[in-house]
Amino acid sequence: TTFSFSPAAVLRPVRAKHPGEMSVASQNLLRFFDADPTNGPDDGPVTPAEYQDRLVKASLHIRTALQAPDVLCLEEVENVGALDDLAAQIALDDPALHYTAYLLEGNDIGGIDTGFLVRDTVAVTAPVAQVGLDTLLSVDGSLLNDRPPLVLEAEYLANGAPFPITVIG
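Remember, predicted model here, so these are calculated numbers, not experimental data.

Participant: For this particular structure, what's the right way to read the pairing of strand β4 (residues 113–119)?
Facilitator: Looking along a regular strand, one sees side chains alternate from face to face of the sheet. The element β4 is largely enclosed, with a buried count of seven among its seven residues. Side-chain alternation along β4 places D113, G115, L117 and R119 on one buried face and T114, F116 and V118 on a second face that is also buried. The pairing of strand β2 (residues 71–77) with β4 spans five bridges and is classified as antiparallel. Along β4, the bridge assignment pairs V77 with D113. In this structure, strand β3 (residues 99–103) lies alongside β4, joined through five bridges in antiparallel fashion. Bridging from a neighbouring strand, L103 pairs with G115 of β4.

Participant: So what exactly am I meant to see when it comes to the nonpolar core here?
Facilitator: Burial of nonpolar side chains together is a common tendency in soluble globular proteins. In this structure, I62, L74, V77, L86 and L117 are the most contacted members of the largest nonpolar core, which totals 22 residues. Broken down by secondary-structure element, the contributors of at least two residues to this core are β1 (24–32), α1 (48–65), β2, α2 (80–93) and β3. Element by element, the count of residues in this core is highest for α2, at five residues. Aside from chain neighbours lying at most four places away, what touches L117 is I62, D70, V71, L72, L74, L83, L86, A87, I90, Y99, T100 and A101.

Cut-off values and rules
- Residues numbered from 1 in each chain as written.
- Predicted model: local features only at pLDDT ≥ 70, side-chain atom pairs only at ≥ 80, totals over all residues.
- Heavy atoms only, no water.
- Buried < 20%, exposed > 50% of the residue type's maximum accessible area, 1.4 Å probe, protein only.
- Helix = DSSP H or I, 4+ residues; strand = E, 2+ residues; numbered from the N terminus.
- Pairing = 2+ DSSP bridges.
- Core = buried A, V, L, I, M, F, W, Y, C linked by side-chain atoms within 4.5 Å.
- Contact = heavy atoms within 4.5 Å.

Written out as structure tokens, the structure reads:
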């Protein structure tokens, strides 16, 4: 038997934005639970230290690999509090970056949802909405969406004149 090993591919960051450009990104945070077992489903063995470590790593990834997008859709997040904590960590790591968190609870039995982090270069113009939260399958009456899509209506402000955008995550 022979064994071969290939190192993982080196992460290639998104290119830097040109002046006036807006960026939108998506990232799966892979069951991003906080360390509080009382505010959702069983989080598993997440200690405060492990949670802080995940916040720091996610902040670094968002700031360096994703180049701090204007709108970031995040999957597999426990609750809006976890996104608020991530926004606070990003601001702590780079005081020039200010994000606001948006997340609406879905139907996932594991307690993971989809949310947005929106920079202050973008003004949200309507409440973030879910599509199909209560939609049922005609075949068996079960829910269609575990994590219903979120719709963000906003305006990009950082290019001199508001530019309307809609992002579906």
